[in-house]
Amino acid sequence: MNLRELVSALNDFASPSLAESWDNVGLLVEPSPPHTVNTLFLTNDLTEEVMEEAVQKKADLVLSYHPPIFAPLKRVTWKTWKERLVVRALENRIGIYSPHTAYDAIPHGVNNWLTKGLGTCTSVPLHPSTAPSSPAEGTHRVEFCADAEHLDAVLSKIKDIPEISCLTTLPARVEGEEQTRVSLNCSQKALLEVVALLSQNSLLYHKTEILLLQKPLLPHTGMGRLCTLSEPVSLSDIIKRVKGHLQLPHVRVAVGAGRTLESPMKKVALCAGSGSSVLKGTEADLYLTGEMSHHDVLDAVSKGISVILCEHSNTERGFLSELRDALTIHLQNKINIIVSKKDRDPLQVA
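Residues numbered from 1 in each chain as written. Predicted model: local features only at pLDDT ≥ 70, side-chain atom pairs only at ≥ 80, totals over all residues. Heavy atoms only, no water.

- Under an unreviewed UniProt entry, the name given to the protein chain is NIF3-like protein 1, and the source organism is Peucedramus taeniatus.
- One UniProt comment on the protein chain, placed under Function (unreviewed entry), says "May function as a transcriptional corepressor through its interaction with COPS2, negatively regulating the expression of genes involved in neuronal differentiation."
- In its Subunit (unreviewed entry) section, the UniProt record describing the protein chain reads: "Homodimer. Interacts with COPS2. Interacts with THOC7." (UniProt positions renumbered as here; feature names shortened; annotations may be inferred.)

Structure follows, in structure tokens:
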């Protein structure tokens, strides 16, 4: 497939608009066009060892779950390992694409895969995603009626306000008089200026309606998951299930205050990777994630919530095999897709 065609297909699989605002997703490194992709190489972390593997496998595009370019690069030299990744990629005509939190949010993504280690359960996103393009623009809609005497002056001033969109006018009849109905979308900041302008004329102001534009929630889409088990399971049994699902010999466990390893778990809140900010404040029997700060663990435990920590990328990497199968179908078997064998979590128990 042509690289740009493939990137479009990957964006259809998981829209970059679902990623968190702080994230850096999409095509990060692009060889000079035209660039044909015969082999897509999947990894959780693109390290130098993994890049060497991609070169040996003659990969044309690396899909790295974590973006190897996150903080802006001021130069591309041989000095730092992330700069060397870019150099190696371009020298070997290998593109780099990263989906990261877009894959966390989608219904068939990383967090959904992580729930499968718990056993039979139902799950909902902890922080649901909203439709990225509905309604069109702005946070508020303002509507008011004006007569011919005031219309041109008001519209002239409104058009000078930044962050105004979807400005429309329609004929209207109000209390037997011919007037014009004005409708516009605006940001929160622009709303203050619009209201200040309209309040200068009491007749306009009293005929003003302000509507909050709320984007609809996307079903089964968003950050984290709150899972309700079909039957209560002891903490010790869930630990065994998680270790089996993630193929780990060890996990770290904090038992909630007043609980034991035999306490029944019914509600599990989980988030792949670093879950503190996503899980914080959620009522559950158990938090499952890769890593949390010491104080966030203490806070959870004080509330009787147990915590299982598996190390950051261990809660993500196993998804790659499922992703390979899903992308094979999505891309209609047009390219060869392989999963890195060198990719691993940097931490281990010694």
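**Structural notes on the UniProt feature "binding site: a divalent metal cation" (unreviewed entry) in the protein chain**
Step number 1: As recorded in UniProt, the feature "binding site: a divalent metal cation" (unreviewed entry) lies at His66, Asp104, His312 and Glu316. Judged by maximum C-alpha separation, these annotated positions cover 251 residues in sequence but sit close together in space, the widest gap being only 13.4 Å.
Step number 2: With respect to the helices and strands, histidine 66 occurs in the loop between strand S3 (61-64) and helix H3 (81-91).
Step number 3: On the accessibility criterion, histidine 66 (13% relative accessible area) is buried.
Step number 4: In this structure histidine 66 touches Asn44, Asp45, Ser98, His100, His312 and Glu316, once residues within four positions along its chain are discounted.
Step number 5: Within the fold, histidine 312 resides in the loop between strand S14 (306-309) and helix H12 (319-330).
Step number 6: In this structure histidine 312 comes out as partly exposed when scored by relative accessible area, which is 23%.
Step number 7: Sequence-distant contacts of histidine 312, defined by excluding residues within four places in its chain, comprise His66, Gly273, Ser274, Gly290, Glu291 and Asp345.
Step number 8: At 2.6 Å, the side chain of histidine 312 and the side chain of glutamate 291 are in polar contact. (Helix = DSSP H or I, 4+ residues; strand = E, 2+ residues; numbered from the N terminus. Buried < 20%, exposed > 50% of the residue type's maximum accessible area, 1.4 Å probe, protein only. Contact = heavy atoms within 4.5 Å. Polar contact = N/O pair within 3.5 Å; in protein donor to acceptor, adjacent residues only side chain to side chain.)

**A look at the domain arrangement of the protein chain**
Step number 1: Its domain assignment divides the protein chain into domain 1 (3-102), domain 2 (106-129 + 221-313) and domain 3 (140-212).
Step number 2: When domain 1 packs against domain 2, close to 680 Å² is buried across both sides, 65% of that on carbon and sulfur atoms.
Step number 3: Contact with domain 2 buries surface across domain 1, with Phe13, Leu18 and Tyr65 losing the most and accounting together for 50% of the total.
Step number 4: At the junction of domain 1 with domain 2, the criterion picks out 0 salt bridges. (Domains from an automatic or database assignment. Buried area = accessible area lost by both parts, 1.4 Å probe. Salt bridge = Lys/Arg side-chain N within 4 Å of Asp/Glu carboxyl O.)

**Points about the state of the cysteines**
Step number 1: Summed over all chains, the structure comprises 0 disulfides.
Step number 2: Of the cysteine sulfurs around cysteine 121, a residue in no disulfide, the closest is that of cysteine 227, at 4.4 Å.
Step number 3: Note on cysteine 166: no disulfide assigned, nearest cysteine sulfur contributed by cysteine 186 at a separation of 11 Å. (Disulfide = S-S within 2.5 Å.)

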